[in-house]
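# A closer look at the structure
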Amino acid sequence: MPATAIPDVRVCAFDSVTVRVDYATGRITAATGATAEAWARAPGVIHGACWGLSFGTDEADVEPSPTVRPTVRGSVAAAVALVVTLAVRSLGPNERAMSRLTVLATTAARLTATPSHADEAERAVSAVRWASRWIPFRIACLEESIAAVLVLAARRRSVTWCHGVAPDPARFHAWIQAHGSPVAEPPTTSRYTVLHTIP
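Below: a short report on this structure. Given the structure is predicted, the values throughout are model-derived calculations rather than measurements. (Residues numbered from 1 in each chain as written. Predicted model: local features only at pLDDT ≥ 70, side-chain atom pairs only at ≥ 80, totals over all residues. Heavy atoms only, no water.)

### So, helix α4 (residues 118–132)
Over its 15 residues, α4 runs 21 Å from end to end, which matches the ideal 21 Å to within 8%, given 1.5 Å per residue. The element α4 is extensively covered by neighbouring structure, given that eleven of its 15 residues are classed as buried. For α4, the set of buried residues is Glu-120, Ala-121, Ala-124, Val-125, Ser-126, Ala-127, Val-128, Arg-129, Trp-130, Ala-131 and Ser-132. On its buried side, α4 packs onto α2 (72–90), α5 (141–154), β6 (157–158) and β8 (171–178). (Helix = DSSP H or I, 4+ residues; strand = E, 2+ residues; numbered from the N terminus. Expected span 1.5 Å × (residues − 1). Buried < 20%, exposed > 50% of the residue type's maximum accessible area, 1.4 Å probe, protein only. Contact = heavy atoms within 4.5 Å.)

Here's what the structure looks like:
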């Protein structure tokens with residue numbers, strides 16, 4: 001059975017490498033040569049944006065936009081969303097953490113009624129980043145973006161959660177979008193090829 005026939009699996013082909021992500025198991029594999037070529041011919045493969053090889057010498061701004069201090073209400077909502085996100089990530093086998101988090105984001109998306117305004121989404125992301133400074137656990141883009149989805153879902157506002165990959169070397173990133181544009185992200189987020197979105 002081709003890899004892309006499995007609903008939770010995404011395959012992305014770049015010039016230099018082909019990446020396979022299984023969102024059900026959290027397993028990520030990369031291939032070059034004949035294996036990469038075979039994966040790249042599979043139906044449903046995603047062709048990644050080409051930025052050229054830099055061998056790690058090309059600088060890319062990956063620093064998120066500066067956060068402003070949120071309101072007390074925003075801080076509390078962000079802290080609760082982060083705690084829920086971290087609990088879901090941690091309660092169960094580590095290799096299934098990505099699957100649990102995407103189910104959480106999918107569930108939250110079903111609760112929403114109205115698309116979020118970009119400034120409202122930016123305030124949610126900012127509040128989550130602010131609150132994450134005070135929580136003594138690993139919080140990276142995956143946890144931040146899921147928590148931001150939860151903050152907005154509590155207000156019945158929807159955004160699109162995105163997970164993508166960029167080559168040279170293969171790296172992953174998660175973020176949210178409002179009205180088709182990344183929220184509180186540097187311009188280099190455009191270098192990531194989107195593999196999975198919710199909803």
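Having put the structure on the table, let's press on.
### What to know about the sheet that holds β8
Ordered by their spatial adjacency, four strands build an open sheet running β9-β8-β7-β10, and the pairing between neighbours is antiparallel. The outermost strands of the open sheet, each flanked by one partner alone, are β9 (181–182) and β10 (193–198). Across the sheet, helix α3 (residues 97–110) lies against β7 (160–166) and β10, angled at about 55° from β10, the strand it touches most. In the packing of α5 onto the sheet, contacts are made with β7 and β8, and the angle to β8 comes to roughly 20°. (Pairing = 2+ DSSP bridges. Axes fitted to C-alpha atoms, helices over the stretch in contact; angles between N-to-C directions.)

### A short note on the layout of surface pockets
One number sums up the size of the largest pocket: a volume of about 320 Å³. Taken together, 17 residues line the largest pocket, and the ones lying closest to its centre are Ile-28, Met-98, Arg-138, Leu-142 and His-163. Elements represented by at least two residues in the lining of the largest pocket include exactly α3, α5 and β8. Of the residues assigned to the lining of the largest pocket, the class counts are nine nonpolar, four polar and four charged. (1 Å grid on protein atoms, 1.4 Å probe; cavity = no way out; pocket = protein on both sides within 12 Å on 5 of 7 lines; lining within 4 Å. Points joined across faces, edges and corners; volume = space filled by probe spheres on them. Nonpolar A, V, L, I, M, F, W, Y, C, P; charged D, E, K, R; others polar.)

These figures capture arrangement, not role.
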